[in-house]
Amino acid sequence: MEDDLEEMRILRESRDSRQFRDNRQVFNKEKLNYGGATEEFSRNSSNKEDSDDMSKLMGFSGFGKKARTFDFEAMFEQTRRAAIERNQKNEELKVESFVSRDAQNDNNKKQVAHLSTSQPKEDNTTSSDDDIIGPPLPPEIKARLEEEGDGESEEEEDDDDDEMNRYKKIPDSHEVELRHGDKTVTALGLDPSGARLVTGSSDFDIQFWDFAGMDASLQSFRTLRPCECHQIKNLEYTVTGDAILVVSGSCQAKVLDRDGFEIFECAKGDQYITDMARTKGHIAMLNDGCWHPREKEFLSCSNDGTLRLWDVEKQLHVIKAKKQGGLRAIPTACRYSRDGILVAGACQDGSVQMWDHRKHFVNTAVLVRNAHQNGTETSSLAFSYNGKHFATRGGDDTLKLWDIRNYKHPLNSVDNLLNRYPVTDCMFSPDDKLLFTGVSLRKGDTAGKLVFLDCDTFQQTYEIEVSDAGIIRSLWHPKLNQIIVGCTNGLVKVYYNPDLSERGAKLCVVKTQRKKKQVEVIVQQHIITPHALPMFRQDRPRSTKKQLEKDRKDPVISKQPELPITGPGQGGRIASAGNTLSSYIVRNLGIKKKEDDNIDPREAILRHAKEAAENPYWISPAYSKTQPKPVFQEIEEEEEPTLKKTKFSV
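Cut-offs applied
Residues numbered from 1 in each chain as written. Predicted model: local features only at pLDDT ≥ 70, side-chain atom pairs only at ≥ 80, totals over all residues. Heavy atoms only, no water. Pairing = 2+ DSSP bridges. Helix = DSSP H or I, 4+ residues; strand = E, 2+ residues; numbered from the N terminus. Buried < 20%, exposed > 50% of the residue type's maximum accessible area, 1.4 Å probe, protein only. Core = buried A, V, L, I, M, F, W, Y, C linked by side-chain atoms within 4.5 Å. Contact = heavy atoms within 4.5 Å. Phe/Tyr/Trp six-rings, centres within 6.5 Å; stacked < 30°, edge-to-face > 60°. Lys NZ or Arg CZ within 6 Å of the ring centre and 35° of its normal. Axes fitted to C-alpha atoms, helices over the stretch in contact; angles between N-to-C directions. 1 Å grid on protein atoms, 1.4 Å probe; cavity = no way out; pocket = protein on both sides within 12 Å on 5 of 7 lines; lining within 4 Å. Points joined across faces, edges and corners; volume = space filled by probe spheres on them. Nonpolar A, V, L, I, M, F, W, Y, C, P; charged D, E, K, R; others polar. Patch = residues over 30% accessible without salt bridge, like charges linked within 9 Å, V, L, I, M, F, W, Y side chains within 5 Å. Areas by Shrake-Rupley, 256 points an atom, 1.4 Å probe, with all protein chains shown as cover. Salt bridge = Lys/Arg side-chain N within 4 Å of Asp/Glu carboxyl O. pLDDT = per-residue confidence, 0-100. Disulfide = S-S within 2.5 Å. Polar contact = N/O pair within 3.5 Å; in protein donor to acceptor, adjacent residues only side chain to side chain.

1. So, the pairing of strand 9 (residues 262–265)
Next, step 1: Two elements, strand 8 (residues 254–257) and strand 9, share 3 bridges in a ladder whose sense is antiparallel. Bridging across to strand 9, Leu256 finds its partner in Glu262.
Next, step 2: In sequence, strand 8 turns back onto strand 9 through a hairpin of 4 residues, with Gly260 there showing a positive phi of about 100 degrees.

2. Points about the pairing of strand 11 (residues 297–302)
Next, step 1: Most of strand 11 sits inside the fold, with 6 of its 6 residues counted as buried.
Next, step 2: By the alternation rule, side chains of strand 11 split into Glu297, Leu299 and Cys301 and Phe298, Ser300 and Ser302, which are all buried.
Next, step 3: Relative to strand 11, strand 10 (residues 286–291) is paired through 5 bridges, and the arrangement is antiparallel. Across the sheet, Gly289 pairs through a bridge with Ser300, a residue of strand 11.
Next, step 4: The sheet contact formed by strand 11 and strand 12 (residues 306–311) spans 5 bridges and is antiparallel. Residue pairing for strand 12: Leu299 is matched across the bridge by Leu309.

3. With respect to the nonpolar core
Next, step 1: Core analysis: the largest hydrophobic core is formed by 32 residues, its most contacted members being Leu178, Leu197, Leu450, Phe452, Val466, Ile483 and Ile484.
Next, step 2: Not counting residues within four places of it along the chain, the set of residues in contact with Leu178 comprises Leu197, Trp209, Met214, Leu218, Gly490, Leu491, Val492 and Val494.

4. Some words on the packing of aromatic side chains
Next, step 1: Taken as a whole, this structure holds 10 aromatic pairs when the rule is applied.
Next, step 2: When the ring of Phe383 is compared with that of Phe390, the centres are 6.0 Å apart and the planes differ by 40 degrees; the resulting orientation is tilted. Here Phe383 and Phe390 have matching classes, each one buried.
Next, step 3: Put simply, the rings of Phe264, Trp291, Phe298 and Trp310 pair up and form one aromatic cluster.
Next, step 4: The cationic tip of Arg338 hangs over the ring face of Tyr385; the distance from NZ or CZ to the ring centre is 4.1 Å.

5. Here's the deal with the sheet that holds strand 13 (residues 315–320)
Next, step 1: Judged by pairing direction, the sheet is antiparallel, and its 4 strands sit side by side in the order 10-11-12-13 without closing on themselves. Two strands in the sheet have a free side with no partner beyond their single neighbour: strand 10 and strand 13. Going from strand to strand, the sheet's axes swing by 15 degrees on average, the running direction of each strand aside.

6. A few points about the sheet that holds strand 2 (residues 185–190)
Next, step 1: A sheet is described by the order of its strands in space; here 4 strands give the open sequence 2-3-4-5, paired in antiparallel fashion. Both edges of this open sheet fall to strand 2 and strand 5 (222–224), since each of them pairs with a single strand only. Mean inter-strand twist for the sheet, computed between neighbouring axes without regard to direction, equals 20 degrees.
Next, step 2: Summarising the sheet, strand 2 and strand 3 (residues 196–201) pair through 5 bridges and their orientation is antiparallel.

7. Structural notes on empty space enclosed by the protein
A probe matching the size of a water molecule, rolled over the atoms, marks out where space remains unfilled.
Next, step 1: Evaluated as defined, the whole model comprises 2 cavities of 30 Å³ or more.
Next, step 2: Approximately 80 Å³ is the volume attributed to the largest cavity.
Next, step 3: Asp288, Arg335, Ser379, Ser380 and Arg473 are the residues nearest the centre of the largest cavity, which is lined by 13 residues in total.
Next, step 4: Secondary structure elements with two or more residues in the lining of the largest cavity: strand 10, strand 14 (331–336) and strand 18 (380–383).
Next, step 5: Of the residues forming the lining of the largest cavity, the biggest block, 4 residues, is contributed by strand 14.
Next, step 6: Of the residues in the lining of the largest cavity, the class split is 5 nonpolar, 4 polar and 4 charged.

8. Overview of the layout of surface pockets
Next, step 1: Reported here for the second largest pocket is a volume of approximately 940 Å³.
Next, step 2: Along the wall of the second largest pocket there are 33 residues; nearest its centre are Glu236, Arg335, Arg338, Met427 and Leu475.
Next, step 3: Looking at the lining of the second largest pocket, the elements with two or more residues in it are strand 2, strand 6 (232–237), strand 10, strand 14, strand 18, strand 22 (426–428) and strand 26 (471–477).
Next, step 4: Top contributing element to the lining of the second largest pocket by residue count: strand 26, with 5 residues.
Next, step 5: Considered class by class, the residues forming the lining of the second largest pocket number 19 nonpolar, 8 polar and 6 charged.

9. Focus: a nonpolar patch on the surface
Next, step 1: On the surface, Tyr617, Trp618, Ile619 and Tyr623 cluster together into a nonpolar patch covering about 600 Å² of accessible area.
Next, step 2: Residue position: Tyr623 is located in the segment after helix 10 (609–614).

10. What about the environment of Phe390?
Next, step 1: Following the sequence through the fold, Phe390 ends up in strand 19 (residues 389–393).
Next, step 2: Its relative accessible area of 0% is what places Phe390 among the buried residues.
Next, step 3: Distance from Phe390 to Trp402, taken between C-alpha atoms, is 5.3 Å for residues 12 residues apart in sequence.

11. Quick notes on the confidence of the model for the chain
Next, step 1: For the chain, per-residue confidence averages 79 on the pLDDT scale, and residues scoring 70 or more make up 69% of the total.
Next, step 2: Taken together, the stretch residues 108–132 has pLDDT below 50 and engages in 15 contacts with residues farther than four places along the chain or on a different chain.

12. Observations regarding the state of the cysteines
Next, step 1: Using the criterion set out here, one finds 0 disulfides in the structure.
Next, step 2: Cys347 forms no disulfide, and the closest cysteine sulfur to it belongs to Cys301, at a distance of 8.6 Å.
Next, step 3: Taking the relative accessible area as the measure of exposure, Cys347 reaches 1% and is therefore buried.

13. Re the pattern of salt bridges
Next, step 1: Counted according to the given criterion, the structure contains 18 salt bridges.
Next, step 2: One salt bridge connects Lys254 with Glu262, and the closest N-O pair in it is separated by 3.7 Å.
Next, step 3: Overall, the relative accessible area of 46% leaves Glu262 in the partly exposed class.
Next, step 4: Taken together, the shared-partner salt bridges connect Glu77, Arg80 and Arg81 into one network.

14. Brief notes about unusual backbone geometry
Next, step 1: In this structure, Leu218 takes a positive phi of about 55 degrees despite not being glycine.
Next, step 2: With respect to the secondary-structure elements, Leu218 resides in the loop between strand 4 (206–210) and strand 5.
Next, step 3: When its relative accessible area of 17% is taken as the criterion, Leu218 is described as buried.
Next, step 4: Its identity is not glycine, yet Lys559 carries a phi of approximately 55 degrees, on the positive side.

15. Overview of the environment of Glu463
Next, step 1: Among the secondary structure elements, Glu463 is positioned in strand 25 (residues 460–467).
Next, step 2: Discounting residues that sit within four places of it in the chain, Glu463 has contacts with Lys449, Leu450, Val451 and Phe452.
Next, step 3: A distance of 3.4 Å separates a polar atom in the side chain of Glu463 from a polar atom in the side chain of Lys449.
Next, step 4: One polar contact links Glu463 to Gln460, side chain to side chain, over a distance of 2.7 Å.

What follows is the structure in structure tokens.
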């Protein structure tokens with residue numbers, strides 16, 4: 001404290017001397033002007049004497065008043081002293097405020113009292129006169145206000161401490177299970193306010209979840225399929241939460257509004273152009289995409305070897321990722337830095353490349369060639385909240401932490417974290433103390449885990465056993481202080497702590513499940529006709545339940561399907577009229593009578609002989625003139641052949 005006071009005193013003396021020099025220069029300038037004014041005044045005085053003699057001679061010398069004179073040196077000296085005194089008083093007030101602030105932090109009231117008594121009384125009165133307008137406050141009220149001010153400052157400090165302490169403990173005491181489907185959950189997105197969650201899966205569907213509108217049944221309020229038969233790879237809200245970026249397995253990313261209606265779809269490029277900078281869009285499958293943290297701009301990367309920056313209306317820039325030999329490199333993950341200055345991409349050759357957003361995207365600003373093993377897909381790239389570090393999740397089962405200021409070698413690295421999926425992500429905790437990622441299931445494992453690592457030591461500090469499936473997606477929302485995890489079996493789990501978390505899953509858990517109302521529907525509208533004849537009168541049903549039971553027994557009203565055929569035949573409706581399709585056509589369309597196929601054909605024909613003789617229709621009228629009497633072929637009796645004589649050998 002004494003050193004600070006001595007420093008303030010020296011500073012005050014230097015400022016006083018500087019102010020004195022400035023005033024002295026002004027005084028010299030004014031003195032020169034004053035010298036010129038005195039010469040002019042002397043010339044005017046000589047002329048004035050002549051005029052006085054003339055006035056005495058004329059007789060009106062007593063009229064008028066004498067001109068007023070000023071002492072300029074005294075006025076300048078007085079102004080200089082007043083300026084010095086005012087500067088001294090201001091410096092003393094600054095010293096008092098500095099001392100009182102240190103005294104409040106150190107809770108040393110005696111030292112403050114000593115400093116206040118050591119000040120001269122005149123200085124105290126002048127400082128109070130400069131700061132306070134009106135009559136001074138009573139000492140009791142002044143003391144009460146000071147106590148309240150100290151209490152408010154302590155409360156603000158406590159609030160800051162609580163805000164930092166709420167992230168020191170992982171909020172996993174309670175969990176909520178959301179069922180997306182039966183296939184792998186490959187994308188998670190939560191808006192900045194934490195009110196809505198959107199999930200995407202390999203079943204091509206996107207589901208919207210509203211925490212404030214859900215009850216204990218935990219059902220989504222909307223399901224969409226925006227990209228037809230393409231897997232959803234990433235979903236992300238804008239910084240304002242009014243739009244959603246949908247990155248799928250197709251070559252065209254889409255932007256949806258908050259309710260799921262399409263706003264913008266990226267253009268498709270020309271696949272016959274070799275220079276990717278001349279196409280208006282991607283020509284191959286997308287791998288990743290994200291929004292700019294401050295502007296309404298988004299980034300996408302594809303298997304065509306480019307990263308493209310888009311506005312909600314058009315394409316802005318094309319970035320080409322290159323291997324060490326200059327060939328095309330395929331980016332598998334992309335991300336903006338927290339301040340939006342860097343555009344980063346992780347490539348299949350194991351490199352991490354970053355470009356400066358403020359310059360032309362030609363040369364890289366950060367280039368790490370051997371970040372991961374060549375030929376593996378780096379599934380995620382994440383920046384810390386302070387903007388100094390970034391982490392990469394490799395397809396070589398590693399997780400590495402890097403420093404942007406010195407990126408030649410990783411700060412820490414951990415192996416043996418199995419990664420079977422190209423969308424497995426990693427993320428920092430809101431206070432940048434922890435780094436967490438999901439682990440895929442090995443052969444023989446029974447539970448998928450979410451692993452937490454300390455960023456300083458990179459030792460595993462905690463793990464959460466989520467379910468009996470692999471963990472792909474994970475998200476720690478800083479405002480809600482809740483962790484959302486996506487699994488390979490279609491489950492989405494939300495972890496929270498009632499004491500440390502806010503809103504989110506806490507809103508829907510406390511709501512009771514809504515009961516469905518049983519609505520009684522009248523099958524047929526009943527018209528009441530009290531004076532109708534008995535033949536036209538309808539019986540009024542006493543209850544709808546009995547009427548429904550009665551209609552259920554009626555096969556026509558209930559639309560009961562026909563029973564299957566149990567007799568011999570080929571099956572279906574064909575067997576009802578015969579064994580073959582031709583018999584079915586003949587029986588149902590030709591004769592429309594059921595005939596037995598097992599009778600003798602000759603007998604079947606001869607049974608129509610009497611009818612044909614009495615009422616000839618087909619053959620007899622044709623031969624009535626040429627052959628009135630029908631002639632039939634006579635059947636001759638065949639002679640029995642003679643038996644051959646057997647030869648006997650002698």
